[in-house]
Amino acid sequence: RLLLSLSCNQRWQNYLASVPAVWYMSRRFIAGETTEEAIKTARLLNELGIMASLHYLGEEAAEGTEARASRDAYIAALDAIASERVESNISIRLTQLGLGLDDALCYENAESIVEHAAALGNVVYIDAEGSMHYQAALDLYRRLRERHDNVGMTVQAQLFRSQSDVETLIKEGVAHLRLCKGIYPESPSVAYPAGEIVREKLLDLVRAMFRPESRQRGVYPAVATHDDLVINWVRRYTYYHRVPADAYEFQMLYGVRRDRQRWLADQGYRLRVYIPYGTNWYPYFMRRLAERPANLLFFIRALAGP
C-alpha cells in the first residue's frame, strides 16, 4: 500500500524520480526512455526466441495535447517496429489517449493507432486499467472492432464481471484477448480479493478461451502471468487437449522472472514480453515494486546508499 500510494504522489514522484539510485533500480523493469532503447531490447529478446509488446509509458492525460503526444509516440513505435523488423506489437492505455477526459478524442487517437498498425500488419492491445474506466474501455474496444480486426482487449480475472464479459466477447468473435489476474486495488463490491480465488477465476477464463468452439471462432488467448501454477496448468491442458502451439501465447513483463521466460522460449512455447519505455517511468516502476513486499526493503536500502 505504501508503494502504491507513492506511485500516485506527485511530490514524492518529483523527488524520487530525480534520485540516481531509483533510476538505476528502475532499469530492471524499464527498457529505457527512448523508442530506440525499446527496439534494442525487443531485438535482444527476439534473438532468444521471445516476442515483444512495446508500451509507451504515461498516466491519465490531463489535456488534449498530452493525449495526442501519446498517440504520436505509439505511431512512431509502430514505424520503428516495422523499419527495424522486430517481432513486436504494441500495448496502449486508453486513459493516456484521453479516455475520461474526452472520449471522442480518445476514440480518434486509438483508431489512428489501430489503422496505422493495420497498414503495417501489426496488432494493438488495449491495456487493463481500473474498473472505473473498464466499461468505457470495453465500449471503445467494441467500436474499434466494428472496423478493425487487429485490436485486442485485456480482461482482469479479479473483476466479478469478467467471466460474463469473456463469454460475450467469444460469441462476438473476438480474436485477440489478453487474460491477467489484475493489479489495481478494487472495491470488494466489484472484485475478488487477491489470492487463490483470483487464480481460479483466471483459469476459468483461460478454459473458456480454449474450448473447441472458441478456437473455431478464431479466438487467440494471451495468458499474461508469472504464476507457475497457472503456467503449468496451461501447459498440461494444451498438451492433453491437443491445442496447437501457435493457437495461444504466454505473456510476461520485462524484468520479471527472466529465467522462466528463457525456459518457456527454449521449450518452444510462444512467449511475448511487455516492454515499457519512456520518460514517465516512475509510476510504473513503483507499481512493479509494490507487487512483492520484499521489494520495499530492497528499495529503502537502495535509497540509503552504500
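It should be emphasised that the depicted structure is a prediction, and the values quoted were computed from it without experimental measurement. (Residues numbered from 1 in each chain as written. Predicted model: local features only at pLDDT ≥ 70, side-chain atom pairs only at ≥ 80, totals over all residues. Heavy atoms only, no water.)

Trainee: Any chance you could explain helix α6 (residues 103–119) here in plain terms?
Mentor: Because each turn of an α-helix spans 3.6 residues, side chains separated by three or four positions end up pointing in the same direction. With 17 residues, α6 extends 24 Å from end C-alpha to end C-alpha; this agrees with the ideal 24 Å at 1.5 Å per step. Within the span of α6, buried status applies to L105, C106, Y107, N109, A110, E111, I113, V114 and A117. The secondary structure elements touched by the buried residues of α6 are α5 (64–84), β2 (88–92), β3 (124–126), α7 (134–145) and β4 (151–156). The residue sitting at the N-terminus of α6 and contributing the capping side-chain oxygen is D102; that oxygen lies 3.1 Å from the backbone nitrogen of A104. Within two residues after α6, G121 carries a phi angle of roughly 70°, on the positive side. (Helix = DSSP H or I, 4+ residues; strand = E, 2+ residues; numbered from the N terminus. Expected span 1.5 Å × (residues − 1). Buried < 20%, exposed > 50% of the residue type's maximum accessible area, 1.4 Å probe, protein only. Contact = heavy atoms within 4.5 Å. Polar contact = N/O pair within 3.5 Å; in protein donor to acceptor, adjacent residues only side chain to side chain.)

Trainee: How should the sheet that holds strand β1 (residues 51–56) be read in this particular structure?
Mentor: Paired through their backbone hydrogen bonds, the strands of a sheet run either parallel or antiparallel. With parallel pairing, 8 strands are arranged side by side around a closed barrel as β1-β2-β3-β4-β5-β6-β7-β8. Adjacent strand axes in the sheet meet at a mean angle of 30° when their direction is disregarded. Sheet analysis places β1 next to β2, joined by 3 bridges and oriented parallel. Opposite S53, over in β2, you have N89 as the bridge partner. Contacting β1, β2 and β8 (271–277), α5 runs over the sheet at an angle of about 170° to β2. (Pairing = 2+ DSSP bridges. Axes fitted to C-alpha atoms, helices over the stretch in contact; angles between N-to-C directions.)

Trainee: Sorry, what's going on with the pattern of salt bridges here?
Mentor: Close approach of charged atoms lets side chains of opposite charge pair. Applying the stated criterion across every chain yields a total of 19 salt bridges. One salt bridge in this structure joins R199 and D227, with 2.7 Å as the shortest N-O distance. With R199 in helix α9 (residues 196–210) and D227 in the loop between β6 (220–224) and α11 (228–240), this pair connects stretches of sequence that are 28 residues apart. Given a relative accessible area of 17%, R199 falls into the buried group. Each of K181, E196, R199 and D227 takes part in salt bridges that share partners, so that together they form one network. (Salt bridge = Lys/Arg side-chain N within 4 Å of Asp/Glu carboxyl O.)

Trainee: Looking at this model, I keep getting lost on the pairing of β6. Mind explaining?
Mentor: In regular strands, side chains alternate between the two faces of the sheet. Burial within β6 is extensive, with 5 of its 5 residues counted as buried. Going residue by residue along β6, you find Y220, A222 and A224 tucked away on one face and P221 and V223 tucked away on the opposite face as well. Where strand β5 (residues 176–180) and β6 come together, 4 bridges link them in parallel fashion. Of the residues in β6, the one forming a bridge with L179 is V223. In this sheet, strand β7 (residues 249–253) lies alongside β6 in parallel orientation, the contact comprising 3 bridges. Looking at the pairing, V223 lines up with F250 of β7. Note on the crossover from β6 through α11 to β7: the handedness is right-handed. (Right-handed = clockwise from strand over helix to strand, strands pointing away.)

Trainee: I'm lost on the packing of aromatic side chains in this one. Help?
Mentor: We describe a pair of aromatic rings using the distance from one ring centre to the other and the angle between the two ring planes. In the structure shown here, the tally under the stated rule is 10 aromatic pairs. For the ring pair F160 and Y192, a centre distance of 4.7 Å and an interplane angle of 80° mean the geometry is edge-to-face. Taken together, the positions of F160 in the loop between β4 and α8 (162–171) and Y192 in the loop between β5 and α9 put the pair 32 residues apart, joining distant regions of the chain. Note on Y248 and F250: the rings are 5.9 Å apart at their centroids and 85° apart in plane angle, and the pair reads as edge-to-face. There is no split in this pair, since Y248 and F250 are both buried. Through a chain of ring-to-ring contacts, three or more aromatic side chains come together here, namely F210, W233, Y237, Y248, F250 and Y269. Taking the ring centre of Y107 as reference, the NZ or CZ of R143 above it sits at 3.6 Å. The ring of Y254 has R258 sitting right over it, with the charged end atom 5.8 Å from the ring centre. (Phe/Tyr/Trp six-rings, centres within 6.5 Å; stacked < 30°, edge-to-face > 60°. Lys NZ or Arg CZ within 6 Å of the ring centre and 35° of its normal.)

Trainee: Honestly, α11 in this entry has me stumped. Any pointers?
Mentor: For α11, with 13 residues, the first-to-last C-alpha span of 18 Å sits near the 18 Å given by 1.5 Å per residue. Taken as a whole, α11 has its buried residues at V230, I231, W233, V234, Y237 and T238. The buried residues of α11 occupy an angular sector of 160° when the element is viewed end-on, so they sit on one face. Residues of α11 that are exposed and angled more than 90 degrees away from the buried face: L229, Y239 and Y240. Looking at the packing, one finds that the buried side of α11 touches α9, β6, β7 and α12 (258–266). In this structure D227 caps α11, since a side-chain oxygen of it lies 2.9 Å from the backbone nitrogen of L229. Looking at the residues trailing α11, positive phi occurs at R242, about 55°. (Arc of directions from axis to C-beta.)

Trainee: Mind showing me how you'd approach the side chain of E249 here?
Mentor: Relative to the helices and strands, E249 is located in strand β7. A polar atom in the side chain of E249 sits 2.6 Å from the side chain of Y220. Side chain to side chain, E249 and R272 meet in a polar contact 2.8 Å long. With residues up to four places along the chain from it excluded, the contact list for E249 reads M51, Y220, P221, A222, V223, R270 and R272.

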